[in-house]
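Residues per chain are reported as follows:
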Amino acid sequence: MEGNSEKLYQTFAAALGVDRSLVTDDLQYNKIAQWDSIAHMSLVAQLETAFDIMLETEDIIDMSSVKKAKEILEKYDVRF
Amino acid sequence: MTLELFDRPVYGLNRVEKAEFLLPRLQELTRAHHASCEPYRRILDARGGFPAQKDPRGGLEQFPFIPVRLFKSHELRSVASEEVLTVLTSSGTTSQAPSRIALDRLTAQRQTKALVVIMQSFLGKSRLPMALADHAGVVKDRRAHSARAAGILGFLNFGRDHTYLLDQTMQLERQALLDFARRHAGNRVFVFGFTFMVWEYLIRAVERSGLGPVFSGGILIHGGGWKKLQDSAVDNETFKSRARAVLGLDAVHNFYGMVEQVGSIFMECEHGALHAPAFADVIIRDPKDWSPLGDGSVGVVQVLSALPGSYPGHSLLTEDLGVLLGEDDCPCGRLGKRFRVVGRIPSAELRGCSDTHAATADERRV
């Protein structure tokens, strides 16, 4: 689903405070300065709001890349 | 390797199972740190190297241990500096050198995972609305690698609608508290903070303002040192009963841990005992000759952990006094050793997120 992919990328960009062009499936936690543990909490909150879901703690911990985020969100019935 | 550390039930290993699980990992860590960390190697070699562990019974006591204080004076790491993801610093008053703990990506991941498996035993899988007895600025500074910030950040994963209850001067933000309570009225909440701060800036502040009981049930998790409260004659029982009454909570759990062995969080169970998780353990030693003590005898706490890969923090002598209560026999049902921390070694430096904040607040110098 084109719409959800774009929504995901834009949520990442907003939460991490980076340009949308920087957000690709390969973007990883702790590999750029902006995606640190502090930004991660903000990211989680914004993803939950954007997709109207509540993530389990294990999923928060496991969300180590944009690609992983898609896999995780699919468990919550978000289609990409 | 990381998954193997956490595939056992976190409080489900009995004495024999635990020895089988932990001893080989501690042996490997001792060997690896000896090979990769020069100051650590010199310390061990000065004591005659380290013995090979052949007998699993009682084998835990034979591992060499180093004092936590060494991390203030030495940079002890076992990985190349390029591998270091972050350096955690301990709480410190202005007159003390902080401990510096070098984490690589793997060790940082292990610590996160350790906290998750431990906390799920107490919080379950659901994320409760979370209120913190701290101010929002404590985690905002992106270069904040203090133990206090790391502790809070770690625990944030377990809650939602994170609400900081204090302003920067540690005053209770009444409206924030009331709004949070209203948003979650009728539901359980999760309150987190360092012990002195929870007592002074939350419990006492709410009592003075006449607001209590504020929540409709929930759990308080707190840690970081009792010395300041002991000075004010506030013991664990007093703390718990006032927390329950004033905050409207049903469960209060203390935790014991230290930045030098992050991930080794010893949680207090429903029956008041601190529990060692599957990947960590504790020994109590006689300060006269360092011999291991049995149940019921007060001595110095030594903590062991299978987690620290990037720095030699797997077997540490703390500056705390404690007593073993038993093993595999707690009425709460959790297996493993259970113990209590009873105080500090006299003349030890002031440490811990709770007490150093208190000392700084008092403008006291240690």
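Bear in mind the structure is a predicted one, so any value in this text is a computation, not a measurement.

Asker: Any chance you could break down the overall build of chain B for me, citing the residues and the numbers?
Answerer: Scanning chain B for helices and strands turns up 12 helices and 14 strands. Burial status across chain B gives 48% buried among its 366 residues. Put simply, of all contacts in chain B between residues at least 6 apart along the chain, 72% involve residues at least 24 apart.

Asker: Mind laying out unusual backbone geometry, listing which residues take part and the relevant values?
Answerer: Residues and elements named next belong to chain B. Residues other than glycine seldom take positive phi values, yet Met170 does so here, at roughly 70 degrees. For Met170, the position within the fold is in the loop between β5 (159–166) and α8 (174–183). Judged by the 16 C-beta atoms lying within 10 Å of it, Met170 is partly exposed. You will see that Ala233, though not glycine, has its phi angle at about 60 degrees, which is positive. In this structure, Ala233 sits in the loop between α10 (227–231) and α11 (236–247).

Asker: Could you give me a rundown of helix α4 (residues 66–75) of chain A, with the residues and numbers involved?
Answerer: All names here are of chain A. Among all positions of α4, only Ala69, Ile72 and Leu73 are buried. On an axial view of α4, the arc spanned by its buried residues comes to 100 degrees, and they lie on one face. Exposed and facing more than 90 degrees away from the buried side of α4 are Glu74 and Lys75. Residues of α4 that are buried in the fold lie against α1 (2–16), α2 (37–51) and α3 (57–62). At the exit of α4 stands Asp77, carrying a positive phi of roughly 65 degrees.

Asker: Explain the nonpolar core to me, using residue names and the numbers behind them.
Answerer: Counting residues in each nonpolar core, the largest one holds 101 residues, and the members touching the most others are B:Ala133, B:Leu165, B:Val191, B:Leu202 and B:Leu247. With 9 residues, the single largest contributor to this core is helix α9 (residues 195–209) of chain B. Counting residues in hydrophobic clusters, the runner-up holds 16 residues, among them A:Leu16, A:Tyr29, A:Leu55 and A:Ile60.

Asker: Outline the interface of chain B and chain A, listing residues and values.
Answerer: How big an interface is tends to be stated in terms of the accessible area lost upon association of its parts. Chain B puts 13 residues into the contact, and the matching count from chain A is 11 residues. When residues of the side of chain B that touches chain A are traced back to their parent elements, those giving at least two are α5 (105–123) and α7 (147–156) of chain B. The leading source of residues in the side of chain B that touches chain A is α5(B), at 3 residues.

Asker: Now, about the packing of α1(A) against α2(A): what can you tell me, with residues and values included?
Answerer: Residues and elements named next belong to chain A. Taken N-terminus to C-terminus, the directions of α1 and α2 make an angle of 145 degrees; their axes are 9 Å apart at the nearest point. In this structure, the crossing between α1 and α2 has a hand that is right-handed. Residue-level contacts link Lys7, Thr11, Phe12, Ala14, Ala15 and Leu16 of α1 to Ala39, Ser42, Leu43, Gln46, Leu47 and Ala50 of α2.

Asker: Give me the environment of B:Phe339: which residues, what numbers.
Answerer: Residues and elements named next belong to chain B. Here Phe339 lies in strand β14 (residues 337–344). C-beta crowding within 10 Å serves as the criterion here: with 22 such atoms nearby, Phe339 is assigned to the buried category. Distance in space between the C-alpha atoms of Phe339 and Ala149 is 27 Å, their sequence separation being 190 residues. What Phe339 contacts, discounting residues up to four positions off in sequence, is Ala273, Leu274, Val282, Gly322, Val323, Leu324 and Leu325.

Asker: Can you tell me about the environment of B:Glu200, naming the residues and giving the values?
Answerer: Topologically, B:Glu200 is positioned in helix α9. Taking C-alpha positions, B:Glu200 is 36 Å from B:Phe6, a pair spaced 194 residues apart along the chain.

Thresholds, definitions, all that
- Residues numbered from 1 in each chain as written.
- Chains lettered and ligands numbered in written order.
- Predicted model: local features only at pLDDT ≥ 70, side-chain atom pairs only at ≥ 80, totals over all residues.
- Helix = DSSP H or I, 4+ residues; strand = E, 2+ residues; numbered from the N terminus.
- Buried ≥ 20, exposed ≤ 12 C-beta atoms within 10 Å, placed from the backbone.
- Contact = placed C-beta atoms within 7 Å.
- Arc of directions from axis to C-beta.
- Core = buried A, V, L, I, M, F, W, Y, C linked by C-beta atoms within 7 Å.
- Axes fitted to C-alpha atoms, helices over the stretch in contact; angles between N-to-C directions.
- Left-handed = near helix turned anticlockwise from the far one by under 90°.

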